[in-house]
Each structure stands twice: as C-alpha cells, then as structure tokens.
Amino acid sequence: MLFGLVSNFVLTAIGHWYEMNMARSEYDLSDSFMIALLVQALCVVAGGVTGNWLYRRSRIKKGVER
C-alpha cells in the first residue's frame, strides 16, 4: 500500500505538469491517465510482493516456519 501511496503523490505531480506544459488534446490526457493507473497498479502489486517477502523473511529469522 505504501508503494501505491507514494506513486499516487508522484504521479499527481507529474500529471499536473504534463497537463499544463505538454498535453495538446484530451486524447493526450486520457492516455496519460491510463498510464498513471497502470503504474499505480503495478506499484501496489510490487508493494504486496515486497511486504510478503519481508514478512516471510522476518518469520524465518524468528525460527517460526509456518
């Protein structure tokens, strides 16, 4: 969830800059919105995998198998 939250803040800033300086039409904005959604979804998945890995690693270090 933390990766998704951080990516949301970063993508909001980038999206605002893109909208003000680079976008030429509504199609550009809709494409950038879809890319931002994809990046945010990937960050949430990466955060889940990382969190699971860290949790399992901490459990192994404590000596608890399952």
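The model shown is predicted, which means the values in this text are computed figures rather than measured ones. (Residues numbered from 1 in each chain as written. Predicted model: local features only at pLDDT ≥ 70, side-chain atom pairs only at ≥ 80, totals over all residues. Heavy atoms only, no water.)

A.B. asks: Tell me about the side chain of serine 7, residues and numbers included.
C.D. replies: As for its position among the elements, serine 7 is in helix α1 (residues 2–21). Those residues in contact with serine 7, other than ones at most four positions away along the chain, are Gln40 and Cys43. (Helix = DSSP H or I, 4+ residues; strand = E, 2+ residues; numbered from the N terminus. Contact = heavy atoms within 4.5 Å.)

A.B. asks: Explain the packing of α1 against helix α2 (residues 26–62) to me, and be specific about the residues and the numbers.
C.D. replies: Where α1 meets α2, the closest approach of the two axes is 9 Å, and the angle between their N-to-C directions is 165°. With respect to α2, the axis of α1 lies roughly antiparallel. In terms of crossing hand, the pair formed by α1 and α2 is right-handed. Counted together, Phe3, Gly4, Ser7, Asn8, Leu11, Tyr18 and Glu19 of α1 and Asp28, Leu29, Ser32, Ala36, Val39, Gln40, Cys43, Val44, Ala46, Gly47 and Thr50 of α2 form the full contact between these two elements. (Axes fitted to C-alpha atoms, helices over the stretch in contact; angles between N-to-C directions. Parallel < 35°, antiparallel > 145°, perpendicular 65-115°, else oblique. Left-handed = near helix turned anticlockwise from the far one by under 90°.)

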